[in-house]
Amino acid sequence: MSKRAVSMTLDTDNLIWLRAQAGPGGSVSRLVDDLVGEARAGGRRLGTAARSVAGTVDLRNFDPATADRELRALFDAALGGTAAVHERRARYERKRRRTGS
């Protein structure tokens with residue numbers, strides 16, 4: 001999996017703790033990445049934060065004619081093909097203008 005550089009602002013005490021946990025010559029970045037990975041694997045949620053995948057899928061290289069099928073295949077592969085998703089079709093109605101009083 002690729003990694004991305006990010007900027008974080010931490011309380012001084014938390015940064016000192018992270019450096020101590022990483023040990024001499026250790027990487028605070030790797031430690032934070034490991035801690036987040038463990039929390040995700042354990043299904044841990046902080047507070048009432050919503051879990052979202054928004055912004056994690058790049059559709060620029062998808063053919064619009066087959067994008068739906070290809071995207072479903074990606075999700076099926078990620079879920080092990082164990083879940084079925086059924087969506088209701090959106091209903092759109094034109095608003096009618098009121099005429100005269």
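Residues numbered from 1 in each chain as written. Predicted model: local features only at pLDDT ≥ 70, side-chain atom pairs only at ≥ 80, totals over all residues. Heavy atoms only, no water.

Q: Honestly, the overall build of the protein chain in this entry has me stumped. Any pointers?
A: Along the protein chain, the regular secondary structure elements total three helices and zero strands. Of the regular secondary structure in the protein chain, the N- to C-terminal order runs α-α-α. Element-wise, carbon and sulfur atoms account for 50% of the exposed surface of the protein chain, whose accessible area totals about 10600 Å². (Helix = DSSP H or I, 4+ residues; strand = E, 2+ residues; numbered from the N terminus. Areas by Shrake-Rupley, 256 points an atom, 1.4 Å probe, with all protein chains shown as cover.)

Q: In this structure, what is going on with a nonpolar patch on the surface? I would like to understand it.
A: Nonpolar side chains collect at one region of the surface, where Val6, Met8 and Leu10 lie side by side and expose about 300 Å² of accessible area between them. Among the secondary structure elements, leucine 10 is positioned in the segment before α1 (12-22). Relative accessible area serves as the criterion here: at 38%, leucine 10 is assigned to the partly exposed category. (Patch = residues over 30% accessible without salt bridge, like charges linked within 9 Å, V, L, I, M, F, W, Y side chains within 5 Å. Salt bridge = Lys/Arg side-chain N within 4 Å of Asp/Glu carboxyl O. Buried < 20%, exposed > 50% of the residue type's maximum accessible area, 1.4 Å probe, protein only.)

Q: Looking at this model, I keep getting lost on the confidence of the model for the protein chain. Mind explaining?
A: Here the protein chain averages 77 in pLDDT, and 73% of its residues register 70 or above. Within the protein chain, α1 carries the highest mean pLDDT (89), whereas helix α3 (residues 67-79) carries the lowest (79). (pLDDT = per-residue confidence, 0-100.)

Q: How should the pattern of salt bridges be read in this particular structure?
A: Opposite charge on two side chains permits them to pair, given that their charged atoms come into close proximity. Enumeration according to the criterion identifies two salt bridges in this entry. A salt bridge links aspartate 33 to lysine 3; the nearest nitrogen and oxygen atoms lie 3.4 Å apart. Of this pair, aspartate 33 sits in helix α2 (residues 28-41) while lysine 3 sits in the segment before α1, and the two are 30 residues apart along the sequence. The exposure class assigned to aspartate 33 is partly exposed, which follows from its relative accessible area of 40%. One salt bridge in this structure joins arginine 72 and aspartate 68, with 3.2 Å as the shortest N-O distance.

Q: What is the right way to read the environment of lysine 3 from this model?
A: Overall, the relative accessible area of 66% leaves lysine 3 in the exposed class. Placed 30 residues apart in sequence, lysine 3 and aspartate 33 show a C-alpha to C-alpha distance of 9.4 Å.

Q: What is the right way to look at α2 in this model?
A: Think of an α-helix as turning once every 3.6 residues; residues three or four places apart then point the same way. The end-to-end C-alpha separation of α2 is 20 Å, in line with the 20 Å expected for 14 residues at 1.5 Å each. With a side-chain oxygen positioned 3.4 Å from the backbone nitrogen of serine 29, the residue opening α2 is serine 27. Positioned one or two residues after α2, glycine 43 has a phi angle of 70°, which is positive. (Expected span 1.5 Å × (residues − 1). Polar contact = N/O pair within 3.5 Å; in protein donor to acceptor, adjacent residues only side chain to side chain.)

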